[in-house]
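Spelled out, the chains give:
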Amino acid sequence: CDIDEINNMWELECMQKITDESIIISAFSTAQFTPKLLFNKTPYIIFLYKIFGLELKGADDMKKKFSSIYNYESRIFIPDSIEDIKDIIFKIKEE
């Protein structure tokens, strides 16, 4: 597990280090969209905004639009609990 703590341009990290096998976890960040939009990479994406209790206006619509271009909608997750995150990660590890 790597945590991005470097003040490098995220776009460069996406180009060089992010792969289709990467997992990007965040509340709801443009960093989660960047690998696909710039480099056609499809890492697993886990949006945590529901766990944090955030009501993001338009987030579900944005997820639907993004899923339509992602090729692998099954790689995009929006867990409702910590237990869901564990289940998702175990599922990914089994693939």
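Look up: the structure comes first, before these words.
Residues numbered from 1 in each chain as written. Predicted model: local features only at pLDDT ≥ 70, side-chain atom pairs only at ≥ 80, totals over all residues. Heavy atoms only, no water.

## Quick look at helix H4 (residues 82-94)
So, point 1. Helix length check: H4 (13 residues) gives 19 Å between terminal C-alpha atoms against 18 Å at 1.5 Å per residue, within 8%.
So, point 2. Within the sequence span of H4, burial applies to Ile85, Ile88 and Ile92. Down the axis of H4, the buried side of the element spans an arc of 65°, and every buried residue falls inside it. Exposed side of H4, more than 90 degrees from the buried face: Phe90, Lys93 and Glu94 are the residues found there. (Helix = DSSP H or I, 4+ residues; strand = E, 2+ residues; numbered from the N terminus. Expected span 1.5 Å × (residues − 1). Buried < 20%, exposed > 50% of the residue type's maximum accessible area, 1.4 Å probe, protein only. Arc of directions from axis to C-beta.)

## Focus: the pairing of strand E2 (residues 44-47)
So, point 1. Alternating residues of E2 divide into Tyr44 and Ile46 and Ile45 and Phe47, and every residue in both groups is buried.
So, point 2. With four bridges connecting them, strand E1 (residues 23-26) and E2 associate as parallel partners. Within E2, the position partnered with Ile25 by the bridge is Ile46.
So, point 3. Crossover connection from E1 via helix H2 (residues 34-39) to parallel E2: handedness right-handed.
So, point 4. In the classification by handedness, the crossover that spans E2, the intervening helix H3 (residues 59-70) and the parallel strand E3 (residues 76-77) is right-handed. (Pairing = 2+ DSSP bridges. Right-handed = clockwise from strand over helix to strand, strands pointing away.)

## Details of the nonpolar core
So, point 1. Phe33, Ile45, Phe47, Tyr49, Ala59, Phe66, Tyr70 and Ile76 form the largest nonpolar core, which has eight residues in total.
So, point 2. Elements supplying a minimum of two residues to this core: E2 and H3.
So, point 3. Looking at this core, the element that brings in the most residues is H3, giving three residues.
So, point 4. Apart from the residues lying within four places of it in its own chain, the contact partners of Phe33 are Phe28, Phe47, Met62 and Phe66.
So, point 5. The next biggest cluster of nonpolar side chains, apart from the first, holds seven residues, and it includes Leu48, Phe77, Ile88 and Ile92. (Core = buried A, V, L, I, M, F, W, Y, C linked by side-chain atoms within 4.5 Å. Contact = heavy atoms within 4.5 Å.)

## Observations regarding the sheet that holds E1
So, point 1. What the three strands build is an open sheet, ordered E1-E2-E3; its pairing is parallel. Across the chains shown, the open sheet's two edge strands, defined by having one partner strand only, are E1 and E3.
So, point 2. As defined by bridge partners, E2 adjoins E3 across two bridges and the pair is classed as parallel. Looking across to E3, one finds that Ile46 is bridged to Phe77.

## Observations regarding the packing of aromatic side chains
So, point 1. Evaluation of the coordinates by the stated rule reveals four aromatic pairs.
So, point 2. An angle of 40° between the planes, with centres 5.9 Å apart, marks the rings of Phe33 and Phe47 as tilted. One end of the pair, Phe33, is in the loop between E1 and H2; the other, Phe47, is in strand E2, and 14 residues separate them in sequence. Phe47 carries the same exposure label as Phe33, and that label is buried.
So, point 3. The side chain of Arg75 reaches across the aromatic face of Tyr44, ending 4.2 Å from its centre. (Phe/Tyr/Trp six-rings, centres within 6.5 Å; stacked < 30°, edge-to-face > 60°. Lys NZ or Arg CZ within 6 Å of the ring centre and 35° of its normal.)

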